[in-house]
Amino acid sequence: MRRALKIYRLLVVQNLKRLMEYRADFLTGAVSFLIDQAVGIGFIFIIFSQIPQLAGFTFPQILFIYGLSQIPKGLDHLLTDNLWCIGYFIVRKGDFDKYLIRPINPLFHVIAENFQVDAIGELVVGIGLLVYAAPNADLHITVWTVLLSLIAIPFATLIYTSLKIMTSALAFWMKSSGFIIQMVYGMNEFAKYPTTIYSFPVRIFVTYIIPFAFTGYYLSLYILTGTDPLLSIGGVILISSVLFVISILIWNKGISAYESAGA
Amino acid sequence: MNKIMKRYVPFMKAGVQSLIIYRLNFMGFVIGGLIYCFVMFYLWRAVFESNGGGIFLGFSMTDMVVYLFLSNTTTQLIFSDVSNEIGEEIRDGSISMRLLRPVNTDLSYMFGELGTALMKLVVLLIPVILGLEIYRFYVTGTIVFNPLNFLLYLFSAVLAYIISFRVNLCFGFIAFYVKNLWGIGILKNSVIGFLSGSLIPIAFMPEGLRICLEYLPFASMSYTPVMIYMGKYGAYEVLFRIAIQIIWAILLYGLSKLIWFGAIKKLCIQGG
């Protein structure tokens, strides 16, 4: 464990050095994600200039759900962005060999290798929205709601990461799975709004099959209502743990199926 | 004319072939777009319900469905990837090969994309329009399809593509200065998504912003053709909107040429 942390620190430092070298690139990336977020929020502003509430939630509450949903997304983006490259080209080009011949866990190595600071766009907007919306969102702020919600955030992040591990691992069989990661990841759009607005089959789908509902709506439900921590927080922890175990199984099976490219 | 076709048709064929080879990526794109449409559909349904049903800012729910799916499809149809392509070619130096050939640089890019656009027309636009018309028939009980509006839509979409191509060409030249093309791509898509009304109809925006956006070139890229298809414009307004599109197409043509002639002098290919 200590060794892993040391390696992680070294790799992150390397990444930060690269960042200092290409400052304009970093700025472009972070600003791009910031503007992407601003557009999404502008959309909610325009809708709410016409209606007082949506599916029983007020404007600040919707902003709160939206903001909270961006934090697991941003954390995952910050830490595990390299999984995209596995799906898009690392396996296809045969470059995965290098992870197999080193004396550390390949999955850990893949994840530690990239530290994606572009994610600052999502994190800044997420935290900004929470701070902006919290005073007017009728939150039930107690030690328990705050503490449990904070504990649940890493688990919600794990939902993103597990889905990315699973879909990128498909590349071990298919050579390239970028489009599948894209497709599954794209469903996080569903997380931004209360799950109650969707029809029954869609709700089941985003709750149990591609469980993005837990990364936004259910995650914020406990602090919004102050009741049912078992369903919301417990659900996040249970679903993310199950998903993570499945993703590791798929990943390991994938590695044993991996064949290097000819070159 | 014949000579020109003979020279550029191979670029078009290459465009079709690359789409066929990368069909899985293309399908990922299409499915991603559809998922997005469905999320928006539910969101708007909730908005309409919160509003007490009926008409919201001049749009019925049926209008909204047509708008959502058609504007998403139109955006994909007129999608131009030339900014990325030019960026990559500048970076790896292969643009020099393109400059050496006895072809017009712009046209060679454009014909490559025309191939993919034709494929998208067949596999994407036609099924979506059919689906939407069946949906409208199912909801309203009458056939609402207007062939004249459809033809005007196609004409307007061609203009929209020309504008989109030119805007992208201008973006592509940013590659001379910035390396993070991927970040620029995200930036471009979200800015254009908002300004072109494909995210939220321009008609819903606050008055001042709405008037500004209607005259900017971005509205010409998907909003104008979709509104024409939906019959939201009267005869004079259709002509007026198409005139605006033509003016923007000419202005952006000039602008991209200007930047191109400036940039080409600076072009410095390393090693290639």
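Every value quoted in this text rests on a predicted model; they were computed, and no experiment measured them.

Take the overall build of chain A next. The helix and strand tally for chain A stands at 13 helices and two strands. The C-alpha atoms of chain A give a radius of gyration of 19 Å, which matches the 18 Å a tight globule of 263 residues would have. Along the three orthogonal principal directions, the C-alpha set of chain A runs to about 60 × 40 × 35 Å. Considering only intrachain contacts with a sequence separation of at least 6, the fraction spanning at least 24 residues in chain A is 78%.

On to the overall build of chain B, then. A tally of helices and strands in chain B yields 11 helices and zero strands. In chain B, the succession of α and β elements from N to C terminus is α-α-α-α-α-α-α-α-α-α-α. Taken over C-alpha atoms, the radius of gyration comes to 20 Å for chain B, in line with the 19 Å a tight globule of 272 residues would show. Once the C-alpha set of chain B is aligned to its principal axes, its extents read approximately 65 × 40 × 35 Å. Within chain B, buried positions represent 37% of all 272 residues. Contacts in chain B between residues at least 24 apart in sequence constitute 81% of all its contacts with a sequence separation of at least 6.

Attention now goes to helix α6 (residues 105-140) of chain B. Residue and element names in this part refer to chain B. Its 36 residues place the ends of α6 49 Å apart at the C-alpha level, agreeing with the 52 Å of an ideal helix rising 1.5 Å per residue. The sharpest bend along α6 measures roughly 40° and falls at Leu121. When α6 is considered as a whole, its buried residues turn out to be Tyr109, Met110, Phe111, Gly112, Glu113, Gly115, Thr116, Ala117, Lys120, Leu124, Val128 and Leu132. Considering only its buried residues, α6 is in contact with α1 (2-21), α2 (23-50), α3 (61-77), α4 (82-92) and α7 (147-172). Where α6 terminates, the next one or two residues include Gly141, which has phi positive at roughly 85°.

Contacts between the two partners involve 32 residues from chain B, matched on the other side by 32 residues from chain A. Sorting the residues of the side of chain B that touches chain A by element identifies α2 and α8 (181-195) of chain B as the ones contributing at least two each. With 14 residues, the top contributor of residues to the side of chain B that touches chain A is α2(B). A breakdown of the residues in the side of chain B that touches chain A according to their chemical character gives 22 nonpolar, nine polar and one charged.

With that out of the way, let us pick up unusual backbone geometry. If a residue is not glycine, its phi is most likely negative; likewise, a peptide bond is most likely trans. Residues and elements named next belong to chain A. Unusually for a residue other than glycine, Asp138 sits at a positive phi of about 55°. Even without a glycine there, the phi angle at Lys175 is positive, about 75°. Looking at the secondary structure, you find Lys175 in the loop between α9 (171-174) and α10 (178-186).

Residue and element names in this part refer to chain A. Mapped onto the fold, Asn188 is located in the loop between α10 and α11 (200-209). A count of 22 C-beta atoms within 10 Å places Asn188 in the buried class. Spatially, the C-alpha atoms of Asn188 and Phe205 are 12 Å apart, while their sequence positions differ by 17 residues.

Residues and elements named next belong to chain A. Where helix α1 (residues 2-21) meets helix α6 (residues 106-113), the closest approach of the two axes is 9 Å, and the angle between their N-to-C directions is 30°. The angle between α1 and α6 falls in the class roughly parallel. Note that α1 runs across α6; the crossing there is right-handed. Contacts from Ala4, Ile7, Tyr8 and Leu11 of α1 reach α6 at Phe108, Ala112 and Glu113.

This part is about the nonpolar core. Formed by 120 residues in total, the largest nonpolar core has its most connected members in Ile159(A), Ala213(A), Phe214(A), Val236(A), Leu70(B) and Ile163(B). Per-element tally for this core: the top contributor is α7(B), with 12 residues. Excluding its chain neighbours within four sequence positions, the residues that come into contact with Phe214(A) are Ala156(A), Ile159(A), Leu219(A), Gly235(A), Val236(A) and Ile239(A).

All names here are of chain A. Here Ala30 shows up in helix α2 (residues 23-48). Taking the number of C-beta atoms within 10 Å as the measure of exposure, Ala30 has 20 and is therefore buried. Distance from Ala30 to Gln116, taken between C-alpha atoms, is 9.8 Å for residues 86 residues apart in sequence. Those residues in contact with Ala30 that lie beyond four places of it in its chain are Val117, Asp118, Ile120 and Gly121.

Next up on the list: the confidence of the model for chain B. All names here are of chain B. The predicted model of chain B has a mean per-residue pLDDT of 83, with 95% of residues at 70 or higher. Mean pLDDT values over the elements of chain B span from 76, in α4, up to 92, in helix α10 (residues 223-229). If you check the scores for this complex, the pTM reads 0.82 and the ipTM reads 0.78.

Residue and element names in this part refer to chain A. It is the contact of helix α3 (residues 59-80) with helix α7 (residues 120-133), at a shortest axis distance of 7 Å, that shows an interaxial angle of 155°. One finds that α3 runs roughly antiparallel with respect to α7. Of the two elements, α3 crosses α7, and the hand of that crossing is left-handed. Here Pro60, Leu63, Phe64, Tyr66, Gly67, Leu68, Gln70, Ile71, Lys73, Gly74 and His77 of α3 lie close against α7, whose contacting residues are Glu122, Leu123, Val125, Gly126, Leu129, Leu130, Tyr132 and Ala133. Considering only residue class, the contact of α3 with α7 consists of 12 nonpolar, five polar and two charged.

What follows concerns the environment of Ile62(A). Residues and elements named next belong to chain A. By the secondary structure assignment, Ile62 is in helix α3. Residues Ile62 and Ala137 lie 75 residues apart in sequence; the distance between their C-alpha atoms is 8.5 Å. In this structure, Ile62 is in contact with Ile44, Leu54 and Phe57, ignoring residues within four places of it in sequence.

Residues and elements named next belong to chain A. Across the nine residues that make up helix α12 (residues 217-225), a large majority, eight, are buried. Buried within α12 we find Tyr217, Tyr218, Leu219, Ser220, Leu221, Tyr222, Ile223 and Leu224. The inward-facing, buried residues of α12 abut α3, α8 (143-169) and α13 (229-257).

Rules used throughout
Residues numbered from 1 in each chain as written. Chains lettered and ligands numbered in written order. Predicted model: local features only at pLDDT ≥ 70, side-chain atom pairs only at ≥ 80, totals over all residues. Helix = DSSP H or I, 4+ residues; strand = E, 2+ residues; numbered from the N terminus. Rg over C-alpha atoms; globule rule 2.2 N^0.38 Å. Contact = placed C-beta atoms within 7 Å. Buried ≥ 20, exposed ≤ 12 C-beta atoms within 10 Å, placed from the backbone. Expected span 1.5 Å × (residues − 1). Bend = angle between axes of the 7 residues up to and from the residue. Nonpolar A, V, L, I, M, F, W, Y, C, P; charged D, E, K, R; others polar. Axes fitted to C-alpha atoms, helices over the stretch in contact; angles between N-to-C directions. Parallel < 35°, antiparallel > 145°, perpendicular 65-115°, else oblique. Left-handed = near helix turned anticlockwise from the far one by under 90°. Core = buried A, V, L, I, M, F, W, Y, C linked by C-beta atoms within 7 Å. pLDDT = per-residue confidence, 0-100.

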